[in-house]
Amino acid sequence: MRRTKKLRRVAFRAAASVPMYVLLAASAAVILFPLYMTVVDSLQPIGKLLTFPPDFWPDAPRWSNYRAAMTDIPMPRYLLNSFIVAALITVGQVATSALAAYAFSFMRFPLRSALFFLFLSTMMVPWEVSVIPNFQTVQRLDWLDTYQALTVPFLATAFGTFLLRQHFMTLPRELKDAADIDGYGDLRFLLFVVVPLSRAALATLAVFSFLQAWNQYLWPLLVTNDPDMRTVQIGIASLQAEEVQRTNVVLAGTIIALLPMLFLVVAFQRFLVRGLTAGAVKG
């Protein structure tokens with residue numbers, strides 16, 4: 001009898017969750033459909049892109065579109081530049097955000113809260129406002145067409161500091177007291193205690209920083225004139241300008257540029273969820 005009641009409760013819970021899963025599946029289909037059609041159109045001949053209704057599956061996939069996207073422009077060089085720039089920005093943002101978040105979480109100094117809110121207020125300043133001053137600074141330093149111009153203005157982020165600070169605040173204060181008794185300095189405590197306990201938050205910040213840096217378009221366009229220093233997003237735009245009648249090749253280049261971001265999101269999905277929710281509940 002008890003087993004029957006238990007089975008009924010399990011069946012009722014499973015039935016109650018069906019509408020939620022149906023809604024999630026429908027939402028996922030709506031979100032992923034444009035990506036799917038981009039992949040399909042990137043494998044189609046140009047004539048198929050102009051037909052209605054559109055084909056939802058390529059009859060004879062043309063992988064030559066991807067070969068053309070890799071050879072018509074120096075796509076490998078663009079991908080390498082984007083990877084270098086995104087990696088440098090990611091390392092810089094994680095390092096500076098961790099140091100700043102540690103100071104605002106564990107160190108005691110006058111006007112700490114006021115300085116933190118002043119620091120956060122920079123998030124409300126549109127990035128476009130700082131484009132001209134940053135460009136003038138880079139130009140005066142003679143950094144045009146260099147990796148310094150592409151990376152230095154983005155090595156610090158208020159969002160990263162806020163994210164890590166919220167996570168650091170959830171760590172027990174007793175850890176810092178014990179570290180002080182054992183003779184740990186601030187840097188040693190940060191590297192050997194705080195960082196290992198904050199891997200999820202650090203991974204979340206790293207993924208967001210990498211994706212944001214990878215998708216940059218306007219700033220690399222402003223500070224680079226040498227084709228060898230261009231990033232992949234500018235490369236796709238130049239491919240579109242050069243190949244007006246080959247939209248399928250442009251879409252193939254878009255998929256190539258999307259693959260690293262897709263890999264990061266899938267590989268670090270678990271860390272993204274944990275990192276974003278770690279500081280939501282305290283206690």
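In case you missed it, the structure is sitting above this.
Predicted model, so just to flag it, every value in this text is computed and none were measured. (Residues numbered from 1 in each chain as written. Predicted model: local features only at pLDDT ≥ 70, side-chain atom pairs only at ≥ 80, totals over all residues. Heavy atoms only, no water.)

## A word on the overall build of the protein
Consideration 1: For the protein, the helix and strand inventory stands at 14 helices and zero strands.
Consideration 2: The N-to-C order of helical and strand elements in the protein reads α-α-α-α-α-α-α-α-α-α-α-α-α-α.
Consideration 3: Considering only intrachain contacts with a sequence separation of at least 6, the fraction spanning at least 24 residues in the protein is 73%. (Helix = DSSP H or I, 4+ residues; strand = E, 2+ residues; numbered from the N terminus. Contact = heavy atoms within 4.5 Å.)

## Overview of a nonpolar patch on the surface
Consideration 1: Taken together, the side chains of Trp 127, Tyr 217, Leu 218, Leu 221 and Leu 222 define a hydrophobic patch exposed on the protein surface, amounting to about 400 Å² of accessible area.
Consideration 2: With respect to the helices and strands, Leu 221 occurs in helix α11 (residues 218–223).
Consideration 3: A relative accessible area of 32% means that Leu 221 is categorised as partly exposed. (Patch = residues over 30% accessible without salt bridge, like charges linked within 9 Å, V, L, I, M, F, W, Y side chains within 5 Å. Areas by Shrake-Rupley, 256 points an atom, 1.4 Å probe, with all protein chains shown as cover. Salt bridge = Lys/Arg side-chain N within 4 Å of Asp/Glu carboxyl O. Buried < 20%, exposed > 50% of the residue type's maximum accessible area, 1.4 Å probe, protein only.)

## With respect to the pattern of salt bridges
If charged atoms from side chains of opposite charge come close, those side chains can pair.
Consideration 1: A complete count under the given rule lists two salt bridges for this structure.
Consideration 2: A salt bridge links Lys 176 to Asp 180; the shortest N-O distance between them is 2.8 Å. Taken together, the residues span about one helical turn, with Lys 176 and Asp 180 both in helix α8 (residues 173–181) at a distance of four residues.
Consideration 3: With relative accessibility at 6%, the residue Lys 176 sits in the buried group.

## A word on helix α13 (residues 247–267)
Consideration 1: A rise of 1.5 Å per residue sets the reference length of α13, with its 21 residues, at 30 Å; its end C-alpha atoms lie 30 Å apart and thus fit the reference within 8%.
Consideration 2: The sharpest bend along α13 measures roughly 35 degrees and falls at Leu 258, with the proline Pro 260 sitting one to four residues further on. (Expected span 1.5 Å × (residues − 1). Bend = angle between axes of the 7 residues up to and from the residue.)

## Points about the packing of helix α3 (residues 75–106) against helix α4 (residues 112–121)
Consideration 1: The geometry of α3 relative to α4 is characterised by a closest axis approach of 10 Å and an angle of 145 degrees between their N-to-C directions. In this structure, the crossing between α3 and α4 has a hand that is left-handed. Residues Ala 103, Phe 104, Ser 105 and Phe 106 of α3 lie in contact with α4, whose contacting residues are Arg 112, Leu 115, Phe 116 and Phe 119.
Consideration 2: When grouped by side-chain class, the residues that make up the contact of α3 with α4 number six nonpolar, one polar and one charged. (Axes fitted to C-alpha atoms, helices over the stretch in contact; angles between N-to-C directions. Left-handed = near helix turned anticlockwise from the far one by under 90°. Nonpolar A, V, L, I, M, F, W, Y, C, P; charged D, E, K, R; others polar.)

## Focus: the side chain of Thr 151
Consideration 1: Relative to the helices and strands, Thr 151 resides in helix α6 (residues 147–151).
Consideration 2: Discounting residues that sit within four places of it in the chain, Thr 151 has contacts with Val 85, Leu 88 and Ile 89.

## Re the nonpolar core
Consideration 1: Core analysis: the biggest nonpolar cluster contains 35 residues, and Trp 214 and Val 232 have the highest contact counts within it.
Consideration 2: Those elements that place two or more of their residues in this core are α2 (64–71), α3, α5 (131–140), α6, α10 (199–214), α11, α12 (232–242) and α13. (Core = buried A, V, L, I, M, F, W, Y, C linked by side-chain atoms within 4.5 Å.)

## Some remarks on the environment of Arg 112
Consideration 1: Of note, Arg 112 is situated in helix α4.
Consideration 2: Residue classification places Arg 112 among the buried positions, given a relative accessible area of 19%.
Consideration 3: Residues within four places of Arg 112 in sequence aside, it is in contact with Ala 103, Phe 104, Ser 105, Phe 106 and Met 107.
Consideration 4: In terms of polar contacts, Arg 112 uses its side chain to reach the backbone carbonyl oxygen of Met 107, at 3.1 Å. (Polar contact = N/O pair within 3.5 Å; in protein donor to acceptor, adjacent residues only side chain to side chain.)

## Points about unusual backbone geometry
Consideration 1: Backbone geometry places Asp 142, a non-glycine residue, at a positive phi of 60 degrees.
Consideration 2: Relative to the helices and strands, Asp 142 is located in the loop between α5 and α6.
Consideration 3: For Asp 142, a relative accessible area of 64% translates into the label exposed.
Consideration 4: The phi torsion at Asp 145 lies on the positive side, around 65 degrees, for a residue other than glycine.

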